[in-house]
Amino acid sequence: MTAIGLRDLTIGYGGDPVVHGVTLDIAEGESFALVGESGSGKSTVLKAIAGLAPDWSGAITVLGQARGHRPDRNFARVCQMVFQDPYGSLHPRKTVDDTLAEPLAIHGIGEHADRVVDMLAAVGLDRRFRFRFPHQLSGGQRQRVAIARALMLEPKVLLLDEPTSALDVSVQAEILNLLKRLRRERNLTYLMVTHNLHVVAFMCERLAVMRHGRIVETADVDRLRQGTFDNAYSRELYAASGGAGAPIAAAG
Amino acid sequence: MTEHLLELENLRVSFPTRDGPAEVVSGVSLTLGRERLGIVGESGSGKSLTGRAILRLVRPPGKMSVERLVFAGQDLMALGERGMRAIRGARISMVMQDPKFSLNPVMTVGEQIAEALRVHGARLSRQAMRRRVVSMLEQVRINDPERVAGFYPHEVSGGMGQRIMIAMMLIPEPDLLIADEPTSALDVSVQAQVLDLIDDLIARNGMGLILISHDLELVARYCDRIIVMNAGRIVEECPADRLGEATHPYTRGLIDAVPRMNETREELPVLDRSAWSGT
Amino acid sequence: MAGAIDWLTADSPASRLQARAVRIWAIGGALMRNPLAALGIAIVLVLIVTAAFAPWIAPYPPIGQDLGNRLLPPSAMHWMGTDELGRDIFSRVVYGARITLLIVILVAVIAAPVGLIVGAVSGYFGGWIDRVLMGLTDMFLSMPKLILALAFVAALGPGIENAIIAIAITAWPPYARIARAETLTFRNSEFIDAVRLQGASSGRIIVRHVLPLCVSSTIVRVTLDMAGIILIAAGLGFLGLGAQPPLPEWGAMISRGRSFILDQWWVATMPGFAIIVVSLGFCFLGDGLRDVLDPKQGGKS
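Keep in mind that this is a model prediction, so the values were computed, not measured. (Residues numbered from 1 in each chain as written. Chains lettered and ligands numbered in written order. Predicted model: local features only at pLDDT ≥ 70, side-chain atom pairs only at ≥ 80, totals over all residues.)

### Observations concerning the sheet that holds strand β7 (residues 92–95) of chain B
The strands that make up a sheet pair up through hydrogen bonds in the backbone, lying either parallel or antiparallel.
Residues and elements named next belong to chain B.
Consideration 1: Read from one edge of the open sheet, six strands run β7-β8-β9-β3-β10-β11, paired in mixed fashion. Because the sheet does not close on itself, it has two edges, and the strands there are β7 and β11 (233–239). Averaged over all pairs of adjacent strands, the angle between strand axes in this sheet comes to 15 degrees, irrespective of strand direction.
Consideration 2: As paired strands, β7 and strand β8 (residues 176–180) are joined by four bridges and run parallel to one another. Pairing of Met 94 across the sheet is with Ile 178, part of β8.
Consideration 3: Those strands touched by helix α7 (residues 158–170) are β7 and β8, and its axis lies near 170 degrees from that of β7. (Pairing = 2+ DSSP bridges. Helix = DSSP H or I, 4+ residues; strand = E, 2+ residues; numbered from the N terminus. Axes fitted to C-alpha atoms, helices over the stretch in contact; angles between N-to-C directions. Contact = placed C-beta atoms within 7 Å.)

Listed below in structure tokens is the structure:
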């Protein structure tokens, strides 16, 4: 079954369209990456799927359900998003507990305390973080909270917007491992936006390269690992990212 | 005596907190010739503060102390604020992370570059000044420099903005360039262009470079020598091409934690911070 | 005691209640370390205690006349002297604290929430809602507060209740402005997007996620405005449009004392002194609160 289907998606931001005619099918359980440089429109696609960029035409379906132009309650239980900036995505005056209990309160789900404690354990956060405020947490811990929040409603599809680009590499490794484990345990579908091809190689099965609001190439991750892209721009991006040669790692 | 461009011995930077001063840089020593030195570390490692401390730009309430800070035979700690100002920009320049915050939004690009030159005592006629500015913009590979000189900062892209910053920093012909994450706000394809440019200008002018970054691979590619910092201390120092043989567990951990392009590992190794860091 | 302190300074609180208590304790501690803020707190506390226990503190009834003891200078019998009807000024100032506190509290309770909600709604929705609400706000802002209050009192009729309503009507626009500006800075932030994605309604987002972030700057602003509110109330009282005689309102007391200002200075000076001290107290407290609560300065711990 198709987890996310985009048909001829054109997205505007007030004025001219920034994404032109994107068509894409992501299978259930798949981990798919949208890569490209800033201004390529990759984040805009994610926002449109989430309902945060309402000015679009075409069709979006998530698990067979057609998507409206605004966020809605039913959709919230199917698909959630993890944002890029762990410093900006948590409410500064709410404890971890408040943040995680909020989606439950919105949807009238009971047993807040038990569910929050379970979810903290699932994302590898100690119980003592439960009543802390975001400013008392490190970047990696905040991103764990953001992931926990996205999972509170037990969605099947997660949209990941550069989830590790603001983190140090050692913390990035922890978060990537966590995302990978959660996908396996909960059978999630990931659509990840990133500019980091190394992360794609670790996390994803397929990727689409975007440029100037269009998809220029869709490929299996094996093509990325071997560096055998068809499109000239994809190859350029691959070379600029350091190509196959990771000189340091090779020597070790 | 002037064999080294820069000598730094036992640098300490601390910030006052409610529980007494907290040391952020604890005893960093390094020497630099006319070479390219990379300082690598994660956030909070003290790498940026080390860069700022060389220019004595640690903002209050931070306090720095150093046993020896000698630049081209001159003791920087003995200089007054006025003397330091003559050094900053003219002889040691610094390129920061984001050009958007470093350029004055209400001055054209050309005026700002000219201003950088004027501040350091250059007395040139208007025309000569204009020629210098245009040739500098040409050097940082900006097409149509005459036109770009008349642009305001919001009219230029991130990559171009960073090149303009570099032009500003290099026009007084300094001996040492400190680049603090000069490309982390830029796209990968632009990153390579900017770093190639810095590399080229350094080689041509025979300057020293300190490149501060969190990106091991990038530093290994553009530097001769690498210093790895963690929790305010230098944990490893080695030639860039020998980084693969690094022995300190922290350096190894950093190298291994980066996913590779031909990644096949099911899980990435994670740093065990408790093993060595005292924090 | 030590156990209670440990509980209040815990790094990892074990319950919601404790988390909140830790935060309040930290704010209180930071306030007390600032000498001016501590002085402000002391003054405001004295005002509250005085108002609460006025009958026990005041040595004489506030409206009992004693024409035999008119216009006596300050002495051991009458600490602040007596007025033209022989009433003890100290007792009247003490009872006046009740009126001042009542005005201040009622104005804060009416004006601050109105301003907050108007500002947050305006900033969150934007578009024509924003234009209408802010147009209204600007209309009120463009007129001097005291003149506007005067006009309202003139329309509603003199009296303490009407004075309070008039001051509240003129006091909310600045709060709406502040709340709107704050809301604009984070209406598109990711944490608001995140709740939107969870399916929260606009009302819920404004009340539970937007307003808590505007509250601290509004509290600061309200505290700083208290001085102005007290002065406007006193001004209305002075003009005879606020509290009516024989109520011991400080502004009205100054007004009565004006006739004797050259020969019996204490009649006008003592309530004036009370106004200055209380206004200063609120200013100090507001400044201290700003240092502690302002997110732009105290984000990190």
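Structure's up, so let's keep going.
### Thoughts on the nonpolar core
Consideration 1: Core analysis: the largest hydrophobic core is formed by 166 residues, its most contacted members being A:Val200, A:Leu207, B:Ile113 and B:Ala167.
Consideration 2: Examining the composition of this core, we find that eight residues originate from one element, α7(B), more than from any other.
Consideration 3: Discounting residues that sit within four places of it in the chain, B:Ile113 has contacts with B:Val133, B:Met136, B:Ala167, B:Met168 and B:Ile171.
Consideration 4: Listed in part, the 69 residues of the second largest apolar core include C:Ile167, C:Val210, C:Ala233 and C:Ala268. (Core = buried A, V, L, I, M, F, W, Y, C linked by C-beta atoms within 7 Å. Buried ≥ 20, exposed ≤ 12 C-beta atoms within 10 Å, placed from the backbone.)

### Some points on the interface of chain A and chain C
Consideration 1: At the interface, 30 residues of chain A touch 25 residues of chain C.
Consideration 2: For the side of chain A that touches chain C, the elements supplying multiple residues, two or more each, are α2 (73–76), β6 (79–82) and α3 (96–106) of chain A.
Consideration 3: Ranked by residues supplied to the side of chain A that touches chain C, first place goes to α3(A) with four residues.
Consideration 4: Here the residues of the side of chain A that touches chain C sort into twelve nonpolar, nine polar and nine charged. (Nonpolar A, V, L, I, M, F, W, Y, C, P; charged D, E, K, R; others polar.)

### Considerations on the interface of chain B and chain A
Consideration 1: Each partner contributes residues to the interface: chain B has 27 residues there, and chain A has 29 residues.
Consideration 2: Contributing elements (two or more residues each) for the side of chain B that touches chain A: α8 (188–205), α9 (216–222) and α10 (249–257) of chain B.
Consideration 3: Counting residues per element, the side of chain B that touches chain A draws most heavily on α10(B), at four residues.
Consideration 4: In terms of residue class, the side of chain B that touches chain A is made up of 14 nonpolar, six polar and seven charged.

### Quick look at the confidence of the model for chain C
All names here are of chain C.
Consideration 1: Within chain C, residue pLDDT values average 85, and 97% of them lie at 70 or more.
Consideration 2: The least confident element of chain C, judged by mean pLDDT, is helix α1 (residues 2–8) at 77; the most confident is helix α6 (residues 127–141) at 92.
Consideration 3: For the stretch residues 295–301, pLDDT sits under 50, and the model shows eight contacts to residues farther than four places along the chain or on other chains.
Consideration 4: With a pTM of 0.83, the predicted complex shows an ipTM of 0.87. (pLDDT = per-residue confidence, 0-100.)

### Here's the deal with the environment of C:Leu31
Residues and elements named next belong to chain C.
Consideration 1: Structurally, Leu 31 is set in helix α2 (residues 16–33).
Consideration 2: Classification of Leu 31 as partly exposed rests on a count of 18 C-beta atoms within 10 Å.
Consideration 3: Once residues lying within four places of it in the same chain are set aside, the contact partners of Leu 31 are Ala 37, Ile 41, Gly 288 and Val 292.

### Describing the sheet that holds strand β5 (residues 65–66) of chain A
Residues and elements named next belong to chain A.
Consideration 1: On the basis of which strands lie adjacent, the open sheet formed by four strands has the order β2-β1-β4-β5 and antiparallel pairing. Unpaired on one side and paired on the other, β2 (17–27) and β5 mark the two borders of the sheet.
Consideration 2: Pairing geometry for strand β4 (residues 56–62) and β5, over two bridges, is antiparallel. Looking across to β5, one finds that Thr 61 is bridged to Ala 66.
Consideration 3: Contacts from helix α1 (residues 42–50) reach β1 (2–12), β2 and β4, with the element oriented near 110 degrees to β1.

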